[in-house]
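# A closer look at the structure
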Amino acid sequence: MVRIQEEGFDIQSEVKKIKPSDESDIGALVTFVGYVRDFKDNKSDTLSSMEIEFYPGMTEKALIEIEEKARRAWDVFDVNIIHRFGKLNLNDEIVLVAVTSAHRTEAFRACEFIIDFLKTDAPFWKKEIGLKSESWVDVNKKDYEKVNKWY
Amino acid sequence: MIKVLFFAKLREELRINELDIEYKAEVASIRDLISYLRQEYQQIDNVKNIKAAVNQELVLDWDLSLNDGDEVAFFPPITGG
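Presented here is an overview of the structure given in this document.

### So, the interface of chain A and chain B
Reports of interface size often rely on the accessible area that becomes lost once the parts have come together. Listed per partner, the contact involves 21 residues of chain A and 13 residues of chain B. Among the elements that make up the side of chain A that touches chain B, the one with the highest residue count is helix 3 (residues 104–121) of chain A (four residues). Each residue belonging to the side of chain A that touches chain B can be placed in one class, and the counts come to 13 nonpolar, four polar and four charged.

### Things to note about the pairing of strand 4 (residues 76–84) of chain A
All names here are of chain A. Counting buried residues in strand 4 gives seven out of nine residues, a clear majority hidden from the surface. Pairing of strand 1 (residues 2–5) with strand 4 involves four bridges; the strand directions are parallel. Each residue of the ladder has a partner; that of glutamine 5, found in strand 4, is arginine 84. Examined bridge by bridge, strand 4 and strand 6 (residues 93–101) share seven bridges and lie antiparallel to one another.

### Describing the sheet that holds strand 4 of chain A
Residues and elements named next belong to chain A. Read across the open sheet, the four strands follow the order 1-4-6-2; overall the sheet is mixed. Since the sheet does not close on itself, it has two edges, and those belong to strand 1 and strand 2 (28–35), each with one partner. Taken over all neighbouring pairs, the strand axes of this sheet differ in orientation by 10 degrees on average, direction set aside. Strand contacts of helix 1 (residues 11–18): strand 2, strand 4 and strand 6, with the helix running at about 30 degrees to strand 6, the strand carrying the most contacts.

About the cut-offs
- Residues numbered from 1 in each chain as written.
- Chains lettered and ligands numbered in written order.
- Predicted model: local features only at pLDDT ≥ 70, side-chain atom pairs only at ≥ 80, totals over all residues.
- Contact = placed C-beta atoms within 7 Å.
- Helix = DSSP H or I, 4+ residues; strand = E, 2+ residues; numbered from the N terminus.
- Nonpolar A, V, L, I, M, F, W, Y, C, P; charged D, E, K, R; others polar.
- Buried ≥ 20, exposed ≤ 12 C-beta atoms within 10 Å, placed from the backbone.
- Pairing = 2+ DSSP bridges.
- Axes fitted to C-alpha atoms, helices over the stretch in contact; angles between N-to-C directions.

Written out as structure tokens, the structure reads:
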């Protein structure tokens, strides 16, 4: 399942949605959570917030397609993907990818695959707002290198 | 009509979210459309590595023909996650 929302999310309750306590075939759950962090390279400014924009319609479709690709490649039970938009503060959760499967290998692989492709194929754009200046985040070449290793 | 959408830095540079353009020979492909838009919005060139989507699918071949009623989006490289 895929969700794009402005409000925050509770990791525990989102995980419960794909690993209910009465579901006994699941042997593994892997979660990835991405957070708003402070500037890494810009020591002269401090990040105060982040704004995330997306393309309503296309972004949902792209996320669904990424989930389907992961399901075709690995034997997973369920997937929960949430990505936030709008104004986020330092330390807020941005994105959740949670995957359940019978065994850890499938869950790890599928989770990493989904977050890697989300970074390059799902239309979201981040703007970092510092105390002194604001700017749109530059594309990270490493994200594309990571995606290429899946081919 | 062709519906054109702009996102993120491109939207800010152009100061416009979307516009409708009459379907005609000058906008027969994505490449034609961006040249056409550049006449009025030279700021397009302030954004590097612009990506395009047609009907909400990423398009790598900018010579792709456009059809009346298409939704075309232009945006900078994706930076989510």
